[in-house]
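One letter stands for each residue in the lines below.
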Amino acid sequence: MIDTFTILASRLSVGERRILCDHLTHVGSDFQKSLEAGTQGGTICMAYARGEIIGGARADSWENWPTLEAFVRSTWRGRGVATYCAAGLVASGLFRASNCYCAVFDPSMMKVAGRVGLHPIRFSRAGDGWSVDWRWK
């Protein structure tokens, strides 16, 4: 059984931040860096199985865009955990409407966002910043 809860990212415990940082985020990602610094923002829907964090999805605001990103343990990928958590964020009212545009930063999030009724716009690294990746629009 999977349990989920939604929390402000700033209220994550040190232990939760450490697990996310060490096991669920991309090395060097902006989110990983913010977890390490304790400055993470947004709202997270976390998924647990038998008391262990198995994944989650996070909504935040970035350059006037609502964002959606997810992180799932490798042994749980492909089972819908990211979509389940993203649906929790949508149900919590974090997006203005179910047909809201949102920024995503990984190709896998295109499907996740679409499955929960959002319209994703993919952004890719461009030097030190980000730009719209028109291949994924």
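Everything quoted here is computed from the prediction, not taken from an experiment.

A. Spotlight on the nonpolar core. Counting residues in hydrophobic clusters, the biggest one holds 24 residues, and the most contacted among them are Leu68, Val81, Leu89, Phe95, Cys102, Val104 and Leu118. Within the residue set of this core, elements represented by two or more residues are strand S2 (43-49), strand S3 (52-62), strand S4 (65-72), helix H3 (81-91), strand S5 (101-104) and helix H4 (108-115). Counting residues per element, this core draws most heavily on H3, which supplies 5 residues. With near-sequence residues (within four places) excluded, Leu89 lies in contact with Thr6, Thr43, Ile44, Cys45, Ala57, Arg58, Ala59, Leu68, Leu94 and Phe95.

B. Up close: H3. Val81, Ala82, Thr83, Cys85, Ala86, Gly88 and Leu89 are the residues of H3 that are buried. Considering only its buried residues, H3 is in contact with strand S1 (2-8), S2, S3, S4 and H4. Once H3 ends, the next one or two residues include Gly93, with phi positive near 85 degrees.

C. Highlighting the pattern of salt bridges. In the structure shown here, the tally under the stated rule is 5 salt bridges. Here Asp60 and Arg58 are joined by a salt bridge, their closest N and O atoms 3.0 Å apart. Given a relative accessible area of 27%, Asp60 falls into the partly exposed group. A single network of salt bridges, built from pairs that share partners, joins Arg58, Asp60 and Glu69.

Conventions and cut-offs
- Residues numbered from 1 in each chain as written.
- Predicted model: local features only at pLDDT ≥ 70, side-chain atom pairs only at ≥ 80, totals over all residues.
- Heavy atoms only, no water.
- Core = buried A, V, L, I, M, F, W, Y, C linked by side-chain atoms within 4.5 Å.
- Buried < 20%, exposed > 50% of the residue type's maximum accessible area, 1.4 Å probe, protein only.
- Helix = DSSP H or I, 4+ residues; strand = E, 2+ residues; numbered from the N terminus.
- Contact = heavy atoms within 4.5 Å.
- Salt bridge = Lys/Arg side-chain N within 4 Å of Asp/Glu carboxyl O.

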